[in-house]
Each structure stands twice: as structure tokens, then as C-alpha cells.
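An overview of the molecular structure
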Amino acid sequence: MEVRARAAGKIILAGEHAVVHGSAAVAAAINLYTTCSLRILPPVAEGGQDGAGAVELDLRDPGLVFSWPCARLCEALGEGCGAARILPPVAEGGQDGAGAVERDLRDPGLVFSLPCARLCEALGEGCGAAGTRKPRPCSPNQLAAIARLLEEHEIPDAKIWLSAGLSAFLFLYTSILGCSTPGKVVVSSDLPMGSGLGSSAAFCVSMSGALLTAAGAVSAISGVEGKGWESFGKNDLELVNQWAFQGEKIIHGKPSGIDNAVSTYGSMIKFKKGELTSLKSSNPVKMLITDTRVGRNTKALVAGVSERASRHPDAMASVFHAVNSISEELSSIVELAADDEIAITSKEEKLAELMEMNQGLLQCMGVSHSSIETVLQTTLKFNLVSKLTGAGGGGCVLTLIPTLLSNLVLEKVTAELESHGFRCFKVEVGGQGLQVCQGDCSCFNGDVV
Ligand SMILES: Nc1ncnc2c1ncn2[C@@H]1O[C@H](COP(=O)(O)OP(=O)(O)O)[C@@H](O)[C@H]1O
Ligand SMILES: C[C@@](O)(CCOP(=O)(O)O)CC(=O)O
Ligand SMILES: [Mg+2]
């Protein structure tokens, strides 16, 4: 069985960091994706091919491949992993008895087998992939066991930041498919990693989408246009989102959930205390993204803001309160319909002013950086307003592009930003959320399985 899932990166127009402390934030999906391709391999018969009984992860962006024998996963993660083995669904006219759930109780020495058809008849809808329908957090013991598994691999020092993503992968894979399901996973992404465009969330959402589809816990709705990409219904998206959030917790420590939500659902959203409101943006919002190429780590920046908040609780509560007002106002302006040049310009001026105010408050939180300040000063020379997006400390900066801005000015500002060594690109704002494609994945072509 092969499945491919893709999830979008995001920009935060207002409210990053404050959203972790209960304020509202506004985010939008962008047309840069992380794609996770999964091939479930047949269970290995005794005396079977060497190495076939393994879980392999091929990370195309850093260019690293990892492999864990299923036996080693079961030994390390034991009970917690459920040691489930997913058998391929039975085709019509398939082998008798294969479409069954078998429970092998080693201690009393009893084996029970219930045909799937009988389970469905007796338990109906509610019986669907029960184990995966209740996402649970990674326990401290599980996390420690995963860390020990990772120590057995030589991760180059320069790429040690990958450990968080690898831990999230091992947690999601073994929790959803069990430890004894051999498989091969390939991840590739358009997103720069660790730059504020939500690569960690897109990683967890695409991974959860592919794994849950393979486990039969969610299924795509057919008939959506595109090159074989299909969308999911609301309940399935919610399940994927909840699992992805558990993965984000491993990477970020204390995520608000906004990144995985916008990556899963797409479009533009307002997010507050876990509640999501979909925003209908009536005019296109155009943003230039500047990647300062200054690496940073979301987990450390989020922890830094929390420490500042515990040192100055009253002052920081006021900062978070102000950000909440900015996000609330920005979300209502985004939805205003502007149908002539004057109305569009006035709407864009309001958005720009709110972004500028938000940037000032992000400076108060201590998450700006000299590279970000350089972007702000450069764009200001052209009367353009910018703010950092995501966790800050480097990473990406957004610049609002007014509808009436000439291409010449845009080229000039881009050239000046790039002369500082930054990388500029334009993105489409408010696009697709999670999508899936089943069938042969081209990334496995040439594999001998
Ligand atoms: N395509 C990917 N391949 C491997 N790991 C990834 C990938 N995308 C994200 N990650 C994980 O997510 C981490 C970056 O997350 P984070 O610091 O939150 O930055 P951001 O989400 O803004 O890109 C990486 O260090 C890595 O562990
Ligand atoms: C800083 C924060 O608001 C967004 C982090 O986004 P990113 O990982 O930098 O893309 C954290 C969160 O909301 O979980
Ligand atoms: Mg992140």
C-alpha cells in the first residue's frame, strides 16, 4: 500500500507567541508544502529477507536516511507501541480469514480471531480504527526510549536539530501503526526548515495524514480537482490535526496549536485558545517573504518568552492583551469587502499599521533580531511595512505588498534585501490544507521491495 500526503506551510499575520499565552492570532496557509510518502511493506515471514522488517525514514531535505528494525522498535518502545501489525485489507475474493483481527495472548496461551465483517456487523460505525481515534501524548518514558533509539544513530553535529523531528516521527509511526509494521517513509519539503514558516507543523500534519490513511482511520473524499490530490472531511481533518499536535508538542515543547491547525485546514484562520474561526478574505493579501537565513529554534524562543512573562507578569500580560486586540481587529479588517481603489488602499493601510504595531510588541517580547531589524529598515525606505512571522530570532519576515505597488519598486526592494544576503520570495496566501493521494508514489520508483 502506498499513500502520499501533503500539508501546507503558513504565515502568521498577527499574534505569534502571544497565542501561546491565550491571545488571538491570525494565520494563513501558503502554497509551499511538505510531502510525506508512505509505503507499508509486507510483514516479514520467518527466515525472510534481511532488513525487510524495518521502518525506514528518508529525509530528502537534509539528505539523510534512518532505519530501525521492527524488533528493535518493539524492544525499546514495548507496550506503549501497541505492537500492532496492520495487514493489507482483503480484496474481494481474497484469502479466507485474512480479513480478521487476531489477539494473541501469550500468557494464557490463547489466540482469538474475529472476522472484520463480524466486527463491523456487531459494532458498526463506532468500531473504525479505535486505537488511532484517540490521540494520546508522548509520555516521558516513551520520549526517553525514543531518545535512546536516536542515540544509536550517528546524526551529524551540524544536523542535530533534526532529532526533534525524528522523535516526532518515531512517536507518530509507532503510535499509529504499531512497532511491527515495516514501512518506508520519504519526506520532502518546499519549506525552509526552522525559519518561521511552520515546517515542523507541516511535517507532523503530512506524516499523521499519511499514517492515519494507511491505518484506515481516515479516508479521503474523492472527486476533488487536482493531480490526484484529494481532501478529507471535517472529522478526519480533526483527527489528523490532533495527532499532529502531539507531534508538534515533541518538537516545540508548548505549541499553541495554530501551526498544525492552519496546515491541516488551510485557508486563513483566527485562532484563540484552541478555537478556530475560518476567515473569508474578500481581497487577496499579497506578501513578500524575506528569509534572513538566520537559523533559530522555535522551542527555545517560546521558552524565552515564557521566562520573560514569569519575570514581568503584569507588563507581559498587557503586551499579550494588546496583541489580542491587534489580531481581533486584523481579522475583521481582512473580511471587509473593498471594491474600489480607495477602499482597498484604506484597508491595506490599516493592515500595515496593525502589522507594524504587532512587530513593536514582538520586540517587547524579545524575539526580534538584528537581521529582522535590517529587513524592517530596508523596506521602510520604500514605505513598506514588515513584521517577523513565526517564532522570530531570525527566520522569515513578511512585507505587505499593496495592490497598487509598481513592479519596479518591488524589484528594487527585493534587490536591496538580497544584497544583504537574504532570500526573497512571493507566496500565495490562504491556500489548501491537508491533501492525500493514493496509488504509486514516484519517489519509490526504482525501489526493490
Ligand atoms: N522536512 C523535514 N524533514 C525533517 N525534519 C523536519 C522537516 N521539517 C521540519 N522538521 C523538524 O522541525 C524542526 C523545525 O521546526 P521549528 O523550529 O518549529 O521551525 P519552523 O516550524 O518554523 O520551520 C526541524 O529542526 C526538524 O526537527
Ligand atoms: C511562536 C509560535 O506562535 C509560532 C511558531 O511558529 P514556527 O515554528 O516558528 O513556524 C508558537 C506557537 O504558536 O506554537
Ligand atoms: Mg515550528
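Conventions adopted
Residues numbered from 1 in each chain as written. Chains lettered and ligands numbered in written order. Predicted model: local features only at pLDDT ≥ 70, side-chain atom pairs only at ≥ 80, totals over all residues. Heavy atoms only, no water. UniProt positions renumbered as here; feature names shortened; annotations may be inferred. Domains from an automatic or database assignment. Buried area = accessible area lost by both parts, 1.4 Å probe. Salt bridge = Lys/Arg side-chain N within 4 Å of Asp/Glu carboxyl O. Polar contact = N/O pair within 3.5 Å; in protein donor to acceptor, adjacent residues only side chain to side chain. Helix = DSSP H or I, 4+ residues; strand = E, 2+ residues; numbered from the N terminus. Nonpolar A, V, L, I, M, F, W, Y, C, P; charged D, E, K, R; others polar. Patch = residues over 30% accessible without salt bridge, like charges linked within 9 Å, V, L, I, M, F, W, Y side chains within 5 Å. Areas by Shrake-Rupley, 256 points an atom, 1.4 Å probe, with all protein chains shown as cover. Lys, Arg positive; Asp, Glu negative; His and termini not counted. Charge placed at Lys NZ, Arg CZ, Asp CG, Glu CD. Buried < 20%, exposed > 50% of the residue type's maximum accessible area, 1.4 Å probe, protein only. Near = heavy atom within 4 Å. 1 Å grid on protein atoms, 1.4 Å probe; cavity = no way out; pocket = protein on both sides within 12 Å on 5 of 7 lines; lining within 4 Å. Points joined across faces, edges and corners; volume = space filled by probe spheres on them. Phe/Tyr/Trp six-rings, centres within 6.5 Å; stacked < 30°, edge-to-face > 60°. Lys NZ or Arg CZ within 6 Å of the ring centre and 35° of its normal. Donors = N, O, S within 2.8 Å, 3.2 Å for Na, K, Ca; no water. Axes fitted to C-alpha atoms, helices over the stretch in contact; angles between N-to-C directions. Left-handed = near helix turned anticlockwise from the far one by under 90°. Contact = heavy atoms within 4.5 Å.

- Going by what an unreviewed UniProt entry lists, the chain is known as Mevalonate kinase and is assigned to Zizania palustris.
- The chain has a UniProt comment under Pathway (unreviewed entry) that states "Isoprenoid biosynthesis; isopentenyl diphosphate biosynthesis via mevalonate pathway; isopentenyl diphosphate from (R)-mevalonate: step 1/3."
- The heading Catalytic activity (unreviewed entry) in the UniProt record of the chain holds the text "(R)-mevalonate + ATP = (R)-5-phosphomevalonate + ADP + H(+)".

**Let's talk about the domain arrangement of the chain**
- Partitioning the chain into domains gives domain 1 (2-43 + 52-82 + 114-268 + 432-443) and domain 2 (282-427).
- Each of domain 1 and domain 2 has a C-alpha centre, and the two are 29 Å apart.
- Across the interface of domain 1 and domain 2, roughly 2500 Å² is buried in total on both sides, 67% from carbon and sulfur atoms.
- Summed over the three residues of domain 1 that lose the most area to domain 2, namely L13, E16 and H17, the buried surface amounts to 24% of that side.
- A salt bridge links K387 to E16; its shortest N-O distance comes to 2.9 Å.
- Where domain 1 packs against domain 2, one counts 11 residue pairs in polar contact (both at pLDDT 80 or more).
- Within the residue set of the side of domain 1 that touches domain 2, elements represented by two or more residues are β1 (2-14), β2 (25-40) and α7 (234-252).
- Classifying every residue of the side of domain 1 that touches domain 2 by side-chain character gives 16 nonpolar, 10 polar and 3 charged.

**Considering a negative patch on the surface**
- On the surface, E329, E349, E353 and E356 cluster together to form a negatively charged patch.
- By the element assignment, E329 lies in helix α10 (residues 313-335).
- Residue E329 is classed as partly exposed on the basis of its relative accessible area of 42%.

**Here we look at the environment of S310**
- By secondary structure assignment, the location of S310 is in helix α9 (residues 298-311).
- Reaching out from S310, the side chain makes a polar contact with the backbone oxygen of E307 at a distance of 2.9 Å.

**A word on the site of ligand 1**
- Within the structure, ligand 1 sits among 19 residues, and G194, G196, S199, H252 and T298 are positioned closest to it.
- Note that an oxygen atom of ligand 1 is positioned 2.8 Å from one of the backbone N or O atoms of G194.
- G196 places a main-chain nitrogen or oxygen 2.8 Å from an oxygen atom of ligand 1.
- Alone, ligand 1 offers 570 Å² of accessible surface; in the complex the protein occludes 96% of this.

**So, empty space enclosed by the protein**
- The final tally for this structure, using the stated rule, is 1 cavity of 30 Å³ or more.
- What lines the largest cavity is a set of 13 residues, among which N283, P284, V285, E348 and L351 lie closest to the centre.
- If one sorts the elements of the lining of the largest cavity by residue count, helix α11 (residues 341-365) sits on top with 4 residues.
- Partitioned by chemical class, the residues of the lining of the largest cavity number 7 nonpolar, 3 polar and 3 charged.

**Some words on the packing of aromatic side chains**
- Scanning the model with the defined rule gives 4 aromatic pairs in all.
- On the basis of an interplanar angle of 50° and a centroid distance of 5.7 Å, the ring pair of F169 and Y173 is categorised as tilted. Highlighted residues: F169 and Y173, both in helix α5 (residues 162-177), separated by 4 residues, approximately one helical turn.
- Residue classification places F169 among the buried positions, given a relative accessible area of 0%.
- For Y173, a relative accessible area of 1% corresponds to the buried category.
- Taken together through their ring pairs, the aromatic side chains of F66, W68, F169 and Y173 make up a single cluster.
- Over the aromatic face of Y33 sits the side chain of R6, whose NZ or CZ is 4.1 Å from the ring centroid.

**Focus: the coordination of the magnesium ion (ligand 3)**
- The coordination sphere of the magnesium ion (ligand 3), as far as protein atoms go, consists of S200 (OG) and H252 (NE2), spread over 2.2 to 2.4 Å. Placement of the pair is S200 in helix α6 (residues 199-214) and H252 in helix α7, with a sequence separation of 52 residues. Assigned by exposure class, S200 and H252 land together as buried.

**Considerations on the packing of α7 against helix α8 (residues 258-265)**
- Closest axis-to-axis distance for the α7/α8 pair is 9 Å, and the angle between their directions is 145°. The element α7 and its partner α8 pack so that their crossing is right-handed. Residue-level contacts link K234, L237, E238, N241, A244, F245, E248 and H252 of α7 to D259, N260, A261, T264 and Y265 of α8.

**Examining the pattern of salt bridges**
- On inspection of all chains with the given rule, the structure shows 9 salt bridges.
- K184 is the partner of E56 in a salt bridge, and the nearest nitrogen-oxygen pair spans 3.6 Å. Taken together, the residues E56 in strand β3 (residues 54-59) and K184 in strand β7 (residues 183-189) connect sequence positions 128 residues apart.
- Under the relative-accessibility criterion, K184 is labelled buried at 15%.
- Across the pair E328 and K270 runs a salt bridge whose closest N-O atoms are separated by 2.7 Å. Here K270 lies in strand β10 (residues 268-272) and E328 lies in helix α10, a separation of 58 residues in the sequence.
- Bridged by salt links that share partners, the residues R72, E75 and E152 form one connected network.

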